[in-house]
Amino acid sequence: MPKISGKTILVTGGAGFIGSNMVELLISKASKVIVYDNLSSGSFDLIKQFSTSTKFRFVKADLLDVPRLKKIMIEEEPDAIIHFAANPDIQLGTKNTGLDLEQGPIATHNLLEAARLSNVKSILYSSSSAVYGKADIKPTPENYGPMKPISLYAASKLACEGLITAYSNLYGINYYIYRFANVVGKNQTHGVIVDFIKKLNKNKRYLEVLGDGKQKKSYIDVIDCVAAIIYAYEKAKPNEILNLATRGQTSVDSIAAQVISKIAPKAKIHYTGTEQGWPGDVSNTYIDNKKMQSVGIKLKYGYSDDVVKHAIKILTNKY
Ligand SMILES: NC(=O)c1ccc[n+]([C@@H]2O[C@H](COP(=O)([O-])OP(=O)(O)OC[C@H]3O[C@@H](n4cnc5c(N)ncnc54)[C@H](O)[C@@H]3O)[C@@H](O)[C@H]2O)c1
């Protein structure tokens, strides 16, 4: 089994929410960490604390810039790539219908091609529980099918999974595909908790909730998520797909109530009314974490409600 120590790791999207937490974990373990990020939704501020380390290199570049990508890959010869870069915004992808195709399968193909030509051994991919669509088995296991994504974001994630498994079969690159639940916690810049905090800080009397508040989702703490990614790389057999999630689900109403009680106890909720928060939203996700447990991954926060409570606590202090 590979060990992170002594390895050169390239992190695409390493200046983003999850990627920056991954960089923090890797900087103490790997021999070199290269962040490849175009800063479209990430921020250098999230990783600038590592810039004095001799192990760290930041490359501001786009995955769509193929010559640059190949040049960096040839220069650095990474042992493994952790691929986070993507469009994180489902609603934006619905408005701009080419975005998830470009930032998903096309960017990922560029990365796989550069990896193939520079003999990278492993790719660790951040997929999403969104790939299951409106699954009729809950909790939803990794072998659920047929998968019918309901957003362009989810379709893009599923297409990337397919490209990765095909490259693995044809060119011998090992993969680990992780289907994350909703990730929350340190450095979080987007998502329902941040959205509610920002709205209430602007107007303490009123909170608009997209949907009917009954949407329920699986969650995972970001520090647990990045630790699980590395644990599986080091300890589990490659070429596997793993759900990463806590037990249970947390409703949007519960999140709204907690954020309101912390920031604006007199705020009234206005629901936009529909079952879905927005077109493409999977309003009820509950992903199965038995396989994750069977490979030995243990989470600090094992239950969805605990993860959310912790995230609300740290994020209300930040925003
Ligand atoms: N946050 C979640 O709850 C969640 C859940 C499931 C899956 N994911 C996946 O995890 C990954 C990371 O998500 P996040 O929440 O940290 O998002 P994020 O927006 O904070 O991070 C994405 C990073 O990728 C960079 N990037 C985007 N397009 C790029 C390109 N073409 N070239 C180079 N860099 C590019 C951005 O600047 C940003 O730093 C994404 O693939 C996302 O789909 C996230």
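Residues numbered from 1 in each chain as written. Predicted model: local features only at pLDDT ≥ 70, side-chain atom pairs only at ≥ 80, totals over all residues.

## A look at the overall build of the protein
When you go through the protein residue by residue, the secondary structure sums to 10 helices and 13 strands. Relative to the 2.2 N^0.38 estimate, which gives 20 Å for 319 residues, the radius of gyration of the protein is 19 Å and therefore close to what a compact globule would have. Projected onto its principal axes, the C-alpha coordinates of the protein cover approximately 55 × 45 × 40 Å. For the protein, the proportion of contacts with a sequence separation of at least 24, taken over those separated by at least 6, is 81%. (Helix = DSSP H or I, 4+ residues; strand = E, 2+ residues; numbered from the N terminus. Rg over C-alpha atoms; globule rule 2.2 N^0.38 Å. Contact = placed C-beta atoms within 7 Å.)

## Digging into helix α1 (residues 17-27)
Of all 11 residues in α1, eight are buried, a share of seventy percent or more. For α1, the complete set of buried residues consists of F17, I18, G19, S20, N21, M22, V23 and L26. Against β1 (8-12), β2 (32-37), β4 (80-83), β5 (122-128), β7 (182-184) and α7 (222-235) lie the buried residues of α1. (Buried ≥ 20, exposed ≤ 12 C-beta atoms within 10 Å, placed from the backbone.)

## A short note on the domain arrangement of the protein
Here the domain parsing of the protein yields domain 1 (8-183 + 220-244) and domain 2 (185-217 + 248-286 + 300-318). Between domain 1 and domain 2, the C-alpha centre-to-centre distance is 26 Å. Listed per partner, the contact involves 25 residues of domain 1 and 19 residues of domain 2. Looking at the side of domain 1 that touches domain 2, the elements that each hand over two or more residues are α1, α3 (90-95), β10 (219-221) and α7. (Domains from an automatic or database assignment.)

## Details of the site of the ligand
Lining the immediate surroundings of the ligand are 29 residues, of which G13, G16, S41, G42 and A86 lie closest. Those elements that place two or more of their residues in the shell around the ligand are α1, α4 (99-117), β5 and β7. For the shell around the ligand, the element with the highest residue contribution is α1, accounting for three residues. When its residues are assigned to classes, the shell around the ligand shows 13 nonpolar, 14 polar and two charged. (Near = placed C-beta within 6 Å. Nonpolar A, V, L, I, M, F, W, Y, C, P; charged D, E, K, R; others polar.)

## Some thoughts on the sheet that holds β2
Strand pairing in a sheet relies on backbone hydrogen bonds. The paired strands run either parallel or antiparallel. Read from one edge of the open sheet, seven strands run β3-β2-β1-β4-β5-β6-β11, paired in parallel fashion. If you trace the sheet from one side to the other, it starts and ends with β3 (56-60) and β11 (240-244), each paired once. Taking the axes of each pair of neighbouring strands and ignoring which way they run, one obtains an average angle of 20° across the sheet. Inspection of the sheet shows strand β6 (residues 174-180) paired to β11 by five bridges, in the parallel sense. (Pairing = 2+ DSSP bridges. Axes fitted to C-alpha atoms, helices over the stretch in contact; angles between N-to-C directions.)

## Brief notes about the nonpolar core
Of all hydrophobic cores here, the largest spans 80 residues; its most connected members are V11, I193, C225, I229 and L244. For this core, the element with the highest residue contribution is α7, accounting for eight residues. If sequence neighbours within four positions are ignored, L244 has contacts with Y178, R179, F180, A181, I220, C225, A228 and M292. (Core = buried A, V, L, I, M, F, W, Y, C linked by C-beta atoms within 7 Å.)

## With respect to the environment of L117
Secondary-structure assignment places L117 in helix α4. A count of 12 C-beta atoms within 10 Å places L117 in the exposed class.

## Here we look at the packing of helix α6 (residues 192-202) against helix α8 (residues 252-263)
Put simply, α6 and α8 touch, their axes get as near as 10 Å, and they point 40° apart. With respect to α8, the element α6 is oriented oblique. By crossing handedness, the relation of α6 to α8 is classed as right-handed. Facing α6, whose interface residues are V192, I193, F196, I197, L200 and N201, α8 presents V252, I255, A256, V259, I260 and I263. The residue inventory of the contact of α6 with α8, partitioned by class, reads 11 nonpolar, one polar and no charged. (Parallel < 35°, antiparallel > 145°, perpendicular 65-115°, else oblique. Left-handed = near helix turned anticlockwise from the far one by under 90°.)

## Here we look at unusual backbone geometry
The peptide bond linking K138 to P139 adopts the cis configuration, its omega dihedral lying at -5°. Here P139 is to be found in the loop between β5 and α5 (152-171). Going from G145 to P146, the amide bond is cis rather than trans, its omega being -5°. Positioned with a positive phi, E77 is a non-glycine residue whose angle comes to about 40°. Within the secondary structure, E77 sits in the loop between α2 (66-76) and β4. The phi dihedral of N239 falls on the positive side, at around 65°, and the residue is not glycine. Secondary-structure assignment places N239 in the loop between α7 and β11. Classification of N239 as partly exposed rests on a count of 15 C-beta atoms within 10 Å.

## Focus on the environment of D288
By the element assignment, D288 lies in the loop between β13 (268-271) and α9 (290-294). Under the C-beta neighbour-count criterion, D288 is labelled buried, with 21 such atoms within 10 Å. Once the C-alpha coordinates of D288 and A236 are considered, the two residues, 52 residues apart in sequence, prove to be 18 Å apart. If near-sequence neighbours (up to four positions away) are discounted, D288 is found in contact with P139, T140, P141 and N243.

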